[in-house]
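For reference, the chains in residue letters:
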Amino acid sequence: MAIKNATKSATGNATSANIKSLVIVESPAKAKTIEKYLGKGFEVLASVGHIMDLPKNDLGVELENRTFEPTLEVSPGKEKVVAQLKKAAAKADQIFLAPDPDREGEAIAYHLALQLGKTAADKKKIRRITFNEITKKAVQEAFEHARDVDQNLVDAQQTRRVLDRLVGYQISPLLWDKVRRGLSAGRVQTVAVRLIVEREREIGAFKPVEYWNIDAILQSPGSASNKSQPETFTARFVGIDGETARVANGKDKDGKDQFLSNAVADEATARAVVDAAMQAQWTVRSVEKKERRKFSSAPFTTSTLQQQASSRMGFNVRRTMGVAQRLYEGVDLGAEGTTGLITYMRTDSTRVSPEAIAGVREYVGKEFGGAYLPAQPNAYKSKKDAQDAHEAIRPTDPSRHPDSVKRFLSGEQFKLYQLIWQRFTASQMTPAVYDVTTVEIDAVHGKTYNFRVSGSVLKFDGFLRVYQVEDDEEEILPEIPNGAKLSLATATQLKKLAERDKAEKLERAHKKYAADTARIEARNERAPDGAEPEAIPDFVEPDTALAVRPAAVDTVQKFTEPPPRFNEASLVKVLEERGIGRPSTYASIINTIQDREYVTKIANRFYPTEIGMVVCDLLVKNFPYIFDPQYTARLEEELDDIEDGKEKWTDLLKGFYNYFEEELKDAEKHMESIKRMEQMTDEKCELCGSPLVLKWGKFGSFYACSAYNKKDPTSCTFTKENTANKPDLNTPEAQEAAEQDEYCENCGKVMIMRRGPFGMFLACPDYNADPPCKTFRKLSQKQQQKQSVPQPTGEDCPACGKPLVLRQGAYGEFVSCSGYPKCKYVKQNLIEGLKCPKCGTGDIAERKARRGNLFWGCTNYPKCDFTSNYKPVAEKCPDCGNSYLVERTFKDGVYLVCPNRGEKPEEKEAPAAKASAAKKRGKKASEPEPAGVGAYHYATRIGDAPPPPTAKTHGPVTEKAGEKKELQPA
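Since the model is a prediction, treat every value here as computed from it, not as a measurement. (Residues numbered from 1 in each chain as written. Predicted model: local features only at pLDDT ≥ 70, side-chain atom pairs only at ≥ 80, totals over all residues. Heavy atoms only, no water.)

## So, the overall build of the protein
Thought 1: A count of helical and extended segments in the protein gives 24 helices and 38 strands.
Thought 2: Looking at the protein as a whole, 46% of its 970 residues are labelled buried.
Thought 3: In the protein, of all internal contacts separated by at least 6 residues, the share reaching a separation of at least 24 is 65%. (Helix = DSSP H or I, 4+ residues; strand = E, 2+ residues; numbered from the N terminus. Buried < 20%, exposed > 50% of the residue type's maximum accessible area, 1.4 Å probe, protein only. Contact = heavy atoms within 4.5 Å.)

## Some words on the sheet that holds strand 21 (residues 678-684)
Thought 1: Spatially, 4 strands are ordered 21-22-23-24 in an open sheet, and the strand pairing comes out antiparallel. The open sheet has two edge strands, strand 21 and strand 24 (719-721), and neither has a second partner. Shown here is a sheet whose adjacent strand axes are inclined to one another by a mean of 35 degrees, direction ignored.
Thought 2: In this sheet, strand 24 lies alongside strand 23 (residues 700-705) in antiparallel orientation, the contact comprising 3 bridges. Bridging across to strand 24, Y703 finds its partner in K720. (Pairing = 2+ DSSP bridges. Axes fitted to C-alpha atoms, helices over the stretch in contact; angles between N-to-C directions.)

## Points about the environment of G842
Thought 1: Its location among the elements puts G842 in the loop between strand 31 (830-835) and strand 32 (843-848).
Thought 2: G842 sits 24 residues away from F866 along the chain, and the two C-alpha atoms are 9.8 Å apart.
Thought 3: Beyond its immediate chain neighbours, meaning those up to four positions away, G842 contacts K835, C836, C858, T859 and N860.

## Topic: helix 20 (residues 649-670)
Side chains of residues three or four places apart in an α-helix project in the same direction, reflecting 3.6 residues per turn.
Thought 1: Between its first and last C-alpha atoms helix 20 spans 31 Å; for 22 residues at 1.5 Å apiece the expected length is 32 Å, and the two agree.
Thought 2: Along helix 20, the largest kink reaches about 25 degrees and is centred on Y657.
Thought 3: Looking at the packing, one finds that the buried side of helix 20 touches helix 7 (151-178), helix 18 (610-622) and helix 19 (629-643). (Expected span 1.5 Å × (residues − 1). Bend = angle between axes of the 7 residues up to and from the residue.)

## Concerning the sheet that holds strand 34 (residues 867-868)
Thought 1: The strand order across the open sheet formed by 4 strands is 31-32-33-34, and the pairing between neighbours is antiparallel. With partners counted over all chains shown, the strands left at the sheet margins are strand 31 and strand 34, one partner each.

## Description of the environment of V873
Thought 1: Position of V873 among the secondary structure elements: in strand 35 (residues 871-873).
Thought 2: When its relative accessible area of 18% is taken as the criterion, V873 is described as buried.
Thought 3: Spatially, the C-alpha atoms of V873 and L834 are 7.5 Å apart, while their sequence positions differ by 39 residues.

## Thoughts on the packing of helix 7 against helix 20
Thought 1: Interaxial distance between helix 7 and helix 20 falls to 11 Å at its minimum, and their mutual angle equals 5 degrees. Viewed along their axes, helix 7 and helix 20 adopt a mutual orientation that is roughly parallel. From helix 7, D155, Q158, T159, V162, L163, L166, V167, Q170, I171, L174 and K178 reach across to helix 20, where they touch W649, L652, L653, F656, Y657, F660, L664, A667 and E668.
Thought 2: Taken together, the residues of the contact of helix 7 with helix 20 break down into 14 nonpolar, 3 polar and 3 charged. (Parallel < 35°, antiparallel > 145°, perpendicular 65-115°, else oblique. Nonpolar A, V, L, I, M, F, W, Y, C, P; charged D, E, K, R; others polar.)

## A few points about the side chain of K30
Thought 1: Within the secondary structure, K30 is located in helix 2 (residues 28-35).
Thought 2: Among the polar contacts made by the side chain of K30, one reaches the side chain of E26 at a distance of 3.4 Å.
Thought 3: At 3.3 Å, the side chain of K30 forms a polar contact with the backbone oxygen of A98.
Thought 4: For K30, the residues in contact, after removing those within four places along its chain, are V25, A98, P99, D100, F131, I134, Y328 and E329. (Polar contact = N/O pair within 3.5 Å; in protein donor to acceptor, adjacent residues only side chain to side chain.)

## Focus: the pairing of strand 10 (residues 246-251)
Thought 1: Pairing of strand 10 with strand 11 (residues 257-261), which is carried by 4 bridges, proceeds in the antiparallel orientation. Bridge pairing in strand 11 links V247 to L260.
Thought 2: In this antiparallel pair of consecutive strands, strand 10 and strand 11, the connection spans 5 residues, and G255 shows a positive phi of 85 degrees.

## Considering the confidence of the model for the protein
Segments scoring low in pLDDT should not have their predicted coordinates read at a detailed level.
Thought 1: With 81% of its residues at a pLDDT of 70 or more, the protein has an overall mean of 83.
Thought 2: Here residues 951-970 is modelled with pLDDT under 50, and outside its nearest four sequence neighbours on either side it reaches 37 contacts, counting other chains as well. (pLDDT = per-residue confidence, 0-100.)

## Structural notes on the nonpolar core
Thought 1: Counting residues in hydrophobic clusters, the biggest one holds 132 residues, and the most contacted among them are V23, F131, I171, I342 and F623.
Thought 2: With near-sequence residues (within four places) excluded, I171 lies in contact with A185, L619, F623, F627, F660 and L664.
Thought 3: Judged by nonpolar contacts, the second largest core, of 28 residues, contains I214, L218, V274 and A276. (Core = buried A, V, L, I, M, F, W, Y, C linked by side-chain atoms within 4.5 Å.)

## Structural notes on the environment of V826
Thought 1: Position of V826 among the secondary structure elements: in the loop between strand 30 (812-817) and strand 31.
Thought 2: By relative accessible area, which is 38% here, V826 ends up partly exposed.

## Thoughts on the pairing of strand 20 (residues 605-608)
Thought 1: Burial along strand 20 is one-sided: F606 and P608 are buried, and none of R605 and Y607, which face the opposite way, are.
Thought 2: Direction of pairing for strand 19 (residues 599-602) relative to strand 20: antiparallel, over a ladder of 4 bridges. Looking across to strand 20, one finds that I602 is bridged to R605.
Thought 3: Where strand 19 folds back on strand 20, the antiparallel hairpin that results is connected by 2 residues, among which A603 adopts a positive phi of roughly 50 degrees.

## Looking at helix 19
Thought 1: Here helix 19 spans 21 Å end to end across 15 residues, near enough to the 21 Å set by a 1.5 Å rise per residue.
Thought 2: When we look at burial in helix 19, the residues that qualify are P629, Y631, T632, A633, L635, E636, L639, D640, I642 and E643.
Thought 3: Looking at the buried side of helix 19, the elements it contacts are helix 4 (103-116), helix 7, helix 8 (187-204), helix 16 (568-578) and helix 20.
Thought 4: Backbone nitrogen of Q630 and a side-chain oxygen of the N-cap are separated by 3.2 Å at the start of helix 19; the cap is D628.
Thought 5: Downstream of helix 19 by a residue or two, G645 has a phi angle that is positive, lying close to 80 degrees.

## A closer look at the state of the cysteines
Thought 1: For the structure shown, the criterion picks out 0 disulfides.
Thought 2: Free of any disulfide, C685 has its nearest cysteine sulfur in C716, 3.6 Å distant.
Thought 3: Residue C685 is classed as buried on the basis of its relative accessible area of 5%.
Thought 4: The thiol of C877 is not disulfide-bonded; the next cysteine sulfur, from C898, is found 3.7 Å away.
Thought 5: Of the residues examined, C877 reaches a relative accessible area of 4% and is grouped as buried. (Disulfide = S-S within 2.5 Å.)

Written as structure tokens, this is what we have:
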């Protein structure tokens, strides 16, 4: 009854006006959106993600008695949030926990209940609510179906967390000892790295297979209406005397033979077919016409959304999920207020609610007509092991066309919303219809050489009216009657074809020359000093002297290509197909393996790094069961069983730990020590000719001279880099990839550099927005190195003559001598013509405080402690004669004011008395804050006040005193 009354209060029909309900969600953006749907009897607060976790510096899991009970504690930095929630909960009659409707959200609700439900009375007033979309109807219905926290969901999430903790905390020390400090192992992330490493080795071991395609350029006898204008088309050779031509192409993963169809194995066979076909009689054996229907795809799941956003818009997984998160939590739509535009975006189900289907069918029928509306709603099957906890990703209101909200959305938000709206709308439309024509052609010369050509024409667009699919359609064929005789193409058509070939060959030759040049230049840069640089050959234009091809039947040599390296979309696809991870974990998996530098992304493709390959090999060799992809997928199924109440979480952990503990003990004894590796090689030292040994260092493997002796300073110290297992980062694609923007995983915006007490870090530009986005990310090792490299300024040091460089310091950028530490010169921004008014000998220099604010002080510090919060100007006060003025900005303009404030020297307080008064007031006596320009005895206006700073013009605005402290990296 209390819940019902609370809901009525939210709609303005309260029957109990004194009910005070507290609603807790994860994010401030989500809180802002649902707050408008609730009445005055509700207070909505955000937990800002998880509030409890396992201890940071301890395993936190009970293993001695095999209870696996986790030790949970308030997460560092969340103490104030928890205190605020407890204070609000103490005043509330009811508490509704409303985190996201998945395992993570249920765990957050459980942790909130632990903190807020300390007594039996407190526990009774705590209820759990969930909604798949943030709309008024969905939010209000959620209160009508409030429930207890689902312990099965909590157990499933807690089991995953414990599994990851056991693997990470017990394997990582092994890697520190055997490879390098700071490395870590992840249960699912290691399997993802394994897939990338195995693909790289598959590419390295790939042996191309030669094959030849044969095409004939033919002329139709002309259409029935105009036989004087025959059309040209191309037919592909498919076999001889009805037997399909094919080339052996190895075996598949199951050991079955594979073949390339419609091809021959060598040039001799291909030329024999061409010669015979040139002398043959050509006839059309059959013409088959049929109708083909192309059905629309199901609404998006998390993985299909990530794949399509990548292929269509170039969004990486992190960016896609960040933009989708904001669309789900709500966007300000002007008069309509903040509104959630899509349903929850972490799902592997294609299920859609009947109400949403009815809404989109009504829109399709009204907007496009009955021909585009199927008689019955289209139904789609989810994948076999889908959780099906909530719907597919769809718009909350199908009638809300993307163009109607475009002015309220950022460019990336509009693109993603449009993609989701189009896919969902198309899913309830009729199929597209094509007329497909297949022509079988015979060329008879002794044997019958079979050729085939297919083409299609769009007859009815259907769902393509709103959602275009990426599909290469066949060419549109001319009208060819059955049994018609065909002729080879004329010289005119062949000439056009030859010209096109010439352009294509020239383009390929230019690309190859550019790639060869870049590779040779990179090799020369890495060559030892004094080595002779490799010459770059002159560009040779390919031979395209023939104006036309010698025949209208031609053959082209081709080779099979190795499997492509994974990009983000294809990696997500294979993870989903193998059952590794779940929709909520894909982005985290991809982020983690890059942050740990186990893989690197070049031209949007994943390459394993050397350290990634080494760690992967060690873990797979020593933990073959735990890091097996099939076992990892089976664990995911067992986690689903825990969620469904079919299995106890402790049973899963006992089964896992029995295998894990055995492998862990064996690995501690037998795992190879890479950091102590000294492997003899056949290569010779370039200085003394001794054999080189392969060793492991801080930055990976390298070659060192075997004659080196630590105790002998005169021994050979030659070393060189081992590039065998390292991706080439000197290519243009690699450089371009290194400069790609980083995106906030919460809102999808481009991250910006910020400075904290521990150095530079990346943060969301909406840190001070309403609602704020508190996302931050540590810089990768490469980004940190890039930030720390001094940049030359083009100036020379006035003290020693060496170049000045721009450096990064604890308080920002500064210019100093490149000869540091011998020369400690630091360039300062001085106030010209002004000496320190306190000591009379020092200059006044601009400085930066710890929080980033500027001030001005004497260069004789610490001997002289003169400071000014406002920029001094070398002008005397015409009123009191003070030696300098200061520049201040007020609402109506910029002024020069006298800091002396009209006091005569004899009227000034003694320094000790002044300091005592300042201590009592809690302010600096030397810089009292005036109420305005009128508080100064002398002030003269020198310009207009600048516009207020915005995030766009000045970056994130530093928070005012009394507000939360600036975000700092952990």
